[in-house]
Amino acid sequence: MKKILRNITYVSLSAVLLSSTVMADEVTDTMKEAMEAYEKGDYVQVKDDLTYVLELLKQKKGDSLKTLLPAALDGWKAEDATSETAGSGMLGGGTNISRIYKKDKSKITISVVTDSPLMQSIGMMISNPMFSSGGKLKRINREKAMIKYNEKQKSGEISLVLDKRYMITVKGREVTEEELVEYTKAIDFKKLKAQ
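Quick caveat: nothing in here was measured; it's all calculated off a predicted structure.

Chemist: Where do I start with the pairing of strand β8 (residues 166-173) in this structure?
Modeler: Burial of β8 is extensive: six of the eight residues sit out of reach of the surface. Note that strand β4 (residues 106-114) and β8 share eight bridges and pair antiparallel. Across the sheet, K107 pairs through a bridge with R173, a residue of β8. Inspection of the sheet shows strand β7 (residues 155-162) paired to β8 by eight bridges, in the antiparallel sense. Of the residues in β8, the one forming a bridge with S155 is R173. A loop of three residues connects β7 with β8, the two strands running antiparallel in sequence, and D163 in this loop sits at a positive phi of about 60°.

Shown next as C-alpha cells:
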C-alpha cells in the first residue's frame, strides 16, 4: 500500500513539474531574458525585450477577443475572425480584430480596435453631435452609437466607443440599416467590458 501511495505521489509531482515547464512560454522566457539584461546593465536589450513582450501580450489579447465576435445571424455565413497588432506609428498602435459576414451580395464587417492611445479622442468625436457629418446618434444595447447610412447605395456603418477602450465599427454594403443594427446588437458588450 505504501509503495502504491509513493508511486502516486511521484506521478502527481512529475505531472505538476511537467505542466509548469510546459506553461513557460515566449512571454515569460523573454521577461527572464529582460531581467538578465537589466542585471548586466544592458538597458537597450531590456527595452527591446519589454517592447517585444508588450507586442506578444497584444497578440494574446487579440486572439482571446476574436472569440467574442458574434456568430453569423440567420441566413448569413461568417468567415474566421482575424487579429492584427499595430505599432505606435499606425493610428497610435493597438490591436484590431475583425470578422466578415456574407449573404448573397451583402457583406458586413465588424472591427474592434483596442489598446490605442487615440481611443479617447475618437470617442469624444463619435459622441459629439457636432462631428456627426450626416450621421445620427442612437443607443444600441444602452451604448451611444453613430449611424451613417446611405439608402440609395444600401451601404453604411455604425461606430461606437465601448468603455473608453474599444472602438467598434460595423460596416456593410448591399445591406439595410436594420441589418447593421442587428449585427451591432449581436456583439456582447458585457463580455468585452470584462476583458
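Chemist: Can you help me understand the pairing of strand β5 (residues 136-140) in this one?
Modeler: Walk down a regular strand and you will see the side chains alternate between the two sheet faces. Two strands pair when backbone bridges link them, and β5 and strand β6 (residues 143-150) are joined in this way by five bridges, in the antiparallel orientation. Across the sheet, the residue bridging to K136 is I147, located in β6. Taken together, β5 and the strand that follows it, β6, pair antiparallel across an intervening segment of two residues, in which N141 is found at a positive phi of about 50°.

Chemist: Is there a simple way to explain helix α2 (residues 26-40) in this structure?
Modeler: Three- or four-residue spacings in an α-helix give side chains the same orientation, since the helix completes a turn every 3.6 residues. Helix length check: α2 (15 residues) gives 21 Å between terminal C-alpha atoms against 21 Å at 1.5 Å per residue, within 8%. Listing the buried residues of α2 in full gives V27, T30, A34 and A37. Looking straight down α2, one finds that the buried residues subtend no more than 85° of arc, so they occupy a single side. Exposed residues pointing more than 90 degrees away from the buried face of α2 are listed as K32, E39 and K40. Just downstream of α2, G41 is the residue with a positive phi angle, here 85°.

Chemist: When you look at the environment of E174 in this model, what are you seeing that I'm missing?
Modeler: With respect to the element layout, E174 can be found in the loop between β8 and α5 (177-186). Measuring from C-alpha to C-alpha, the distance between E174 and K103 comes to 9.5 Å, with 71 residues separating the pair along the chain. Setting aside residues up to four positions removed in sequence, E174 forms contacts with K105, S106, Q153 and K154.

Chemist: Is there a simple way to think about a negative patch on the surface in this case?
Modeler: On the surface, a cluster of negative charge is made up of E26, D29, E33, E36 and E39. Note that E39 resides in helix α2.

Chemist: Before we go on, may I ask you to explain unusual backbone geometry in this structure?
Modeler: Trans peptide bonds make up the majority, and among non-glycine residues the majority have a negative phi. Residue D163 is not a glycine yet carries a positive backbone phi of 60°. Mapping D163 onto the fold places it in the loop between β7 and β8. The phi angle at E174 is positive, at roughly 55°, despite the residue not being glycine.

Chemist: I'm lost on the environment of L162 in this one. Help?
Modeler: Assignment of secondary structure puts L162 in strand β7. Note: C-alpha distance between L162 and K193 (31 residues apart in sequence) is 7.5 Å. With residues up to four places along the chain from it excluded, the contact list for L162 reads E143, I168, F189, L192 and K193.

Cut-off values and rules
Residues numbered from 1 in each chain as written. Predicted model: local features only at pLDDT ≥ 70, side-chain atom pairs only at ≥ 80, totals over all residues. Heavy atoms only, no water. Buried < 20%, exposed > 50% of the residue type's maximum accessible area, 1.4 Å probe, protein only. Helix = DSSP H or I, 4+ residues; strand = E, 2+ residues; numbered from the N terminus. Pairing = 2+ DSSP bridges. Expected span 1.5 Å × (residues − 1). Arc of directions from axis to C-beta. Contact = heavy atoms within 4.5 Å. Patch = residues over 30% accessible without salt bridge, like charges linked within 9 Å, V, L, I, M, F, W, Y side chains within 5 Å. Areas by Shrake-Rupley, 256 points an atom, 1.4 Å probe, with all protein chains shown as cover. Salt bridge = Lys/Arg side-chain N within 4 Å of Asp/Glu carboxyl O. Lys, Arg positive; Asp, Glu negative; His and termini not counted. Charge placed at Lys NZ, Arg CZ, Asp CG, Glu CD.

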